[in-house]
Amino acid sequence: MKAEMAEQVATFPQKYGRVPHLVVILVGEDPASQSYVRGKGKACEVVGIKNTTILKPASITEQELLDIIAGLNADPEVDGILVQLPLPDHINEARIINAIDKSKDVDGFHPLNVAALWMKEPCTVACTPKGIIRMLDEAGVEIKGKRAVVIGRSQIVGLPVAKLLLDRNATVTICHSRTKDLAAVCREAEILVVAIGRPKFVTADMVSDGTVVIDVGVNRDPETGKLCGDVDFDAIEPKASVITPVPGGVGPMTITCLMENTIECFLAKQK
Ligand code: NAP
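Criteria and cut-off values
Residues numbered from 1 in each chain as written. Predicted model: local features only at pLDDT ≥ 70, side-chain atom pairs only at ≥ 80, totals over all residues. Heavy atoms only, no water. Pairing = 2+ DSSP bridges. Helix = DSSP H or I, 4+ residues; strand = E, 2+ residues; numbered from the N terminus. Near = heavy atom within 4 Å. Polar contact = N/O pair within 3.5 Å; in protein donor to acceptor, adjacent residues only side chain to side chain. Areas by Shrake-Rupley, 256 points an atom, 1.4 Å probe, with all protein chains shown as cover. Nonpolar A, V, L, I, M, F, W, Y, C, P; charged D, E, K, R; others polar. Patch = residues over 30% accessible without salt bridge, like charges linked within 9 Å, V, L, I, M, F, W, Y side chains within 5 Å. Salt bridge = Lys/Arg side-chain N within 4 Å of Asp/Glu carboxyl O. Buried < 20%, exposed > 50% of the residue type's maximum accessible area, 1.4 Å probe, protein only. Contact = heavy atoms within 4.5 Å. Axes fitted to C-alpha atoms, helices over the stretch in contact; angles between N-to-C directions. Domains from an automatic or database assignment. Buried area = accessible area lost by both parts, 1.4 Å probe.

(A) Main features of the sheet that holds strand E7 (residues 212-215). Spatially, E5-E4-E6-E7-E10 is the arrangement adopted by the five strands of the open sheet, whose pairing is parallel. Two strands in the sheet have a free side with no partner beyond their single neighbour: strand E5 (171-175) and strand E10 (242-243). Relative to E5, strand E4 (residues 147-151) is paired through five bridges, and the arrangement is parallel. Its bridge partner being in E5, Val149 is matched across the sheet by Thr173.

(B) Geometry of the site of the ligand. Within the structure, the ligand sits among 22 residues, and Arg153, Ser154, Ser177, Val218 and Thr254 are positioned closest to it. Here an oxygen atom of the ligand and a side-chain polar atom of Ser154 are 2.5 Å apart. In this structure, His176 approaches the ligand through a main-chain N or O atom, which is 3.4 Å from a nitrogen atom. The fraction of the free accessible surface of the ligand (940 Å²) that becomes covered by protein chains is 70%. Ranked by the residues each element gives to the shell around the ligand, the list is headed by helix H11 (residues 250-270), at three residues. Its residues placed into classes, the shell around the ligand shows ten nonpolar, ten polar and two charged.

(C) Spotlight on a nonpolar patch on the surface. Side chains of Tyr36, Val218 and Leu227 sit close together on the surface and give an oily, nonpolar patch of about 240 Å² of accessible area. The residue Val218 is located in the loop between E7 and strand E8 (219-220) in this model. You can call Val218 partly exposed: its relative accessible area is 43%.

(D) Seen up close, the side chain of Glu260. Structurally, the position occupied by Glu260 is in helix H11. The buried category is assigned to Glu260, whose relative accessible area is 17%. If we ignore the near neighbours within four places in the chain, the residues touching Glu260 are Met1, Met5, Lys130 and Arg134.

(E) Focus on the sheet that holds strand E2 (residues 50-56). One open sheet accounts for three strands, arranged E2-E1-E3; its pairing is parallel. The open sheet terminates on both sides in strands that have one partner only, identified here as E2 and strand E3 (80-83). Neighbour to neighbour, the strand axes of the sheet diverge by 15° on average, direction disregarded. Note: strand E1 (residues 21-27) against E2, seven bridges, orientation parallel. Across the sheet, Val27 pairs through a bridge with Lys56, a residue of E2.

(F) Geometry of the domain arrangement of the protein. Domain assignment breaks the protein into domain 1 (2-119 + 251-269) and domain 2 (127-243). On a C-alpha basis, the centres of domain 1 and domain 2 stand 26 Å from each other. Between domain 1 and domain 2, the residue contacts involve 14 residues of the former and 15 residues of the latter. Its largest share of buried area at the contact with domain 2, domain 1 owes to Leu117, Trp118 and Met253, together 44% of the area lost on that side. Viewed at the interface, domain 2 and domain 1 are joined by three salt bridges. Of the charged contacts, one joins Lys130 and Glu260 as a salt bridge, the two residues approaching to 3.0 Å between their closest N and O atoms.

Structure follows, in structure tokens:
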């Protein structure tokens, strides 16, 4: 998919006079955030998208960050603005996300994009949920009519992915920390999407044979210190018909969808 996007972007200078431009703002020195931002930069290079990363210390004030975003909103040659989350505690994340121009919100987190998704109106769809549906499609999984269970109800993963599955005519159950007998609910799933943030939380007894398992979690295995998902991959892989690894599954597809969203925001401005 990145190769196809690269081919498409290569035609833009002649057609539109420039390539899309994504600006990523990274506040502080969280190693995981630094690694995510590096991944986004590399993907931009592969696709041919111009990438600027703005690094700011964790001591930056909310107003200073808002001023940077206002400048980027006003810049006609900036197509996408992404503020890497989480932000330091003294900064109100919602206020920052709300400040990004909807038309440059490549993460799809702005309330107007979120609302448009629920209203089935044109919008930028958040990268991880979009990537999950893309992975299901690429794996040849029929979504329509399936029983889908989503564990997690965050605004950035659980809720939007449930909405996208519903829009594709799955019958969707959303689970969370108060769900009773989670294992029994999970065993009903034909498609199981797990977005909790707890290492190897989903065990083999929670998954029925033939289930499609999408593991969104990114955690450190407390025993090995290596990256792992929310799902006990080794135990569940033999039972699952499809299972996404961590790392290497949802994460890279999320970045691919970020590239796609940036191109879409760029093209929307060329009309
Ligand atoms: P979040 O905002 O912390 O939400 C976690 C969800 O899990 C909440 O809805 C919570 O329920 C639920 N939960 C927690 N403990 C549970 C339990 N024991 N049983 C059932 N549900 C439980 O997390 P998030 O932002 O959605 O992220 C989830 C994971 O995905 C994290 O590991 C994150 O790093 C990863 N992630 C990966 C990507 C990617 O591209 N690969 C992108 C985004 C996030 P309540 O609502 O009841 O609290």
